[in-house]
Amino acid sequence: MITDEIRSFYTEDVKERFLRYVQIYTTSDEENPGTPSTECQWDMLRLLEKELRELGLSDVHMSEYGYVYGILSASDGVSSPAIGLYAHVDTSPDQPGDNVKPRILEKWDGSAITYPEDPEMTLTIEDCPELADFIGEDIITASGRTLLGADDKAGVAEIIAAVKTMKHFDLPHGEIRLCFTPDEEIGRGTVKINEDWLPRFGYTLDGGYPGELEGECFDAWRADVIFKGVGVHPGFAKDKMVNAIAIAARYIAALPEWQTPEHTEKMEGFYHVVGMEGDFENAKATMIIRDFEEQLNKGRIDFLKSLKATFEKKYPGLSIDVNIAHQYQNMRDIIAETPEVMDIADAAMRDAGITPLRKSIRGGTDGARLTQLGHPTPNIFAGGLMFHSRREWVAVSAMTKAVETVLHLSKRWSEVSK
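Residues numbered from 1 in each chain as written. Predicted model: local features only at pLDDT ≥ 70, side-chain atom pairs only at ≥ 80, totals over all residues. Heavy atoms only, no water.

Most of strand S13 (residues 282-291) is tucked away: eight of the ten residues are buried. Summarising the sheet, strand S11 (residues 219-228) and S13 pair through ten bridges and their orientation is antiparallel. Residue pairing in the sheet places Trp221 in a bridge with Ile289 of S13. Pairing geometry for strand S12 (residues 270-278) and S13, over eight bridges, is antiparallel. (Buried < 20%, exposed > 50% of the residue type's maximum accessible area, 1.4 Å probe, protein only. Helix = DSSP H or I, 4+ residues; strand = E, 2+ residues; numbered from the N terminus. Pairing = 2+ DSSP bridges.)

Before going further, it helps to spend a moment on the packing of aromatic side chains. In this description, a pair of aromatic rings is defined by centroid distance and the angle of the planes. Enumeration according to the criterion identifies ten aromatic pairs in this entry. Ring centres of Phe134 and Trp393 lie 5.6 Å apart, and the angle between their planes is 75°; this geometry places the pair in the edge-to-face category. Here the residue Phe134 occupies a position in the loop between strand S6 (122-123) and strand S7 (139-141), and Trp393 occupies one in strand S17 (residues 393-395), the gap between them amounting to 259 residues. Taken as a pair, Phe134 and Trp393 share a single burial class, namely buried. Put simply, the rings of Phe227, Tyr251, Phe311 and Tyr315 pair up and form one aromatic cluster. The positively charged end of Arg300 is found above the aromatic ring belonging to Tyr271, 5.9 Å away from the centroid. (Phe/Tyr/Trp six-rings, centres within 6.5 Å; stacked < 30°, edge-to-face > 60°. Lys NZ or Arg CZ within 6 Å of the ring centre and 35° of its normal.)

What follows deals with the environment of Met241. Considering the arrangement of structural elements, one finds Met241 in the loop between S11 and helix H4 (244-253). Note on Met241: relative accessible area 26%, which makes it partly exposed. Considering only alpha carbons, one finds Met241 and Glu16, 225 residues apart in sequence, at a separation of 61 Å. Not counting residues up to four positions away in its chain, the partners in contact with Met241 are Val230, Val232, Pro234 and Phe280. (Contact = heavy atoms within 4.5 Å.)

In a regular helix each residue adds 1.5 Å, so 14 residues correspond to 20 Å; helix H2 (residues 41-54) covers 20 Å between its end C-alpha atoms and thus fits that length. Every buried residue of H2 is accounted for by Gln41, Trp42, Met44, Leu45, Leu48, Glu49, Glu51 and Leu52. On the buried face of H2, the contacting elements are helix H1 (4-21), strand S1 (58-62), strand S2 (68-72), helix H3 (150-169) and strand S8 (176-181). Directly beyond the C-terminal end of H2, a positive phi value near 85° is found at Gly56. (Expected span 1.5 Å × (residues − 1).)

Attention now moves to the pattern of salt bridges. Once their charged atoms are close, side chains differing in charge can pair, the charge on each being opposite to the other. This model, assessed by the stated rule, comprises 31 salt bridges. Between Glu214 and Lys359 there is a salt bridge, with its nearest N and O atoms 3.3 Å apart. On the criterion of sequence distance, the pair formed by Glu214 in strand S10 (residues 212-217) and Lys359 in strand S15 (residues 357-361) is long-range, its members being 145 residues apart. Lys359 gets classed as partly exposed once you look at its relative accessible area, which sits at 35%. Taken together, the salt bridges that share partners define one network made up of Asp13, Glu16, Arg17, Arg20, Glu51 and Lys164. (Salt bridge = Lys/Arg side-chain N within 4 Å of Asp/Glu carboxyl O.)

Next up, the structure:
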C-alpha cells in the first residue's frame with residue numbers, strides 16, 4: 001500500500017508543516033478563563049481552517065471558540081463508520097513558546113546535543129535513553145530558549161499530512177472527521193467542543209515514542225487550598241498574628257514527600273504543588289492530584305481535609321478552605337467496553353512496521369474527556385519526547401511513522417462494516 005513515492009511525499013510534507021507550525025506562537029494561559037485562553041492561538045487556528053479548505057475538505061469551519069472542524073469524505077464505495085482524528089494547537093505555559101527556532105540535526109551522530117541560545121544546556125542519551133534509537137537519523141530540537149512545540153504540533157502536522165496523502169494518492173478510507181482544539185495544555189481542550197459533530201470513535205495524536213498506544217490515563221483532580229490568617233503589626237504580633245503564608249508552607253511540607261512527581265513512576269500517584277502565593281494574612285496553594293485509581297485520589301483528598309482540621313486546631317484564628325475540582329477521569333473502563341478501537345490501532349501500527357506499545361499515560365489528553373463523553377478516543381504516538389521542556393525533541397522518522405500509522409488506520413476502518 002505504501003510505496004516509496006508515497007512515503008517520500010508525506011515525509012517532506014510532514015517535516016515542512018511541522019517546522020512551519022512550531023514557529024507560530026500558541027502558548028495557552030490558565031489564568032485567562034476565555035476560549036481560547038490566548039489571542040495568539042487564533043493565528044494557527046485560522047491558518048488550519050484555511051489549509052483544510054485548500055485541501056478540499058467539506059464542512060470546514062471554525063467555531064466562535066476557535067475549534068477547527070473539517071470532514072474528509074469517504075472513498076467511493078466505502079460505507080464504514082466515521083472516525084475522528086484530534087490534536088491540539090496550544091503549547092504548554094511551563095516554558096517560553098514565543099519565537100521558537102527549530103533546527104534539524106541531520107544524521108545525528110549520537111554526541112551530546114548543544115543549544116545556541118543556552119550554551120550550558122545539553123541533551124544526551126543519558127538524559128533521554130530513547131535518543132539511542134535514533135542515531136543516524138534527523139533530529140529536530142529548538143534553540144535552547146524555548147520548548148519545541150512537538151506537543152502537539154507534531155500531531156497536527158501528521159494528521160494533515162496523512163489527509164493530504166490520502167487525497168493525493170486516492171488511498172482507501174472511510175469518513176474522517178478532523179478537529180483541532182485550543183487550550184488542551186491547561187485542561188480545557190474539550191470544554192467548548194461541539195459534541196454533536198463528533199463520531200463515535202476517534203484518536204488523539206498526542207503521544208510520545210513510536211508505537212505508543214494509550215487507552216488508560218490518570219484520574220485527575222485539582223485542589224486550591226486557601227489560608228486566612230490574622231494580620232498584626234510584626235512589632236506587636238506575639239500571640240496575635242497568624243501568618244498565613246508561613247502556615248501554608250508548613251501545610252505543604254506535611255504532604256508525603258514520596259508521593260510527589262519526582263519520586264513516582266509507572267502506576268504510582270502523587271500530589272504536585274504547582275504554585276503558592278500570598279502574604280502573612282492571606283495565602284493560597286494550588287496542587288494537582290493524580291492516580292490511576294479514583295479511590296486512591298479520594299484518599300489523598302481526605303488527607304488534605306484532615307490536615308485542614310489539624311492546622312486549624314493548632315493555630316487558633318486560622319481558617320482553611322480546601323476547594324476540590326475533578327478535572328478528568330481514567331478512560332480505561334469505558335474504552336474496555338469497545339476493545340475494537342484499540343485493536344484496530346494496534347493492527348495499523350503493525351501494518352506500518354511498528355511494534356505497538358500499549359501503556360498508560362501519566363497525564364491526560366483531550367481523548368480522556370471525549371471518552372468520558374461517550375466517544376472512546378485512545379491516544380496514538382506523535383513522536384516527540386521530553387515535552388514541556390526546552391530540551392524537547394522529535395525525530396523526523398517518528399513523525400513519518402505516525403503519518404503511516406494514520407494511513408493504515410484509515411484503511412483498516414474503511415473495511416469495518418457499519
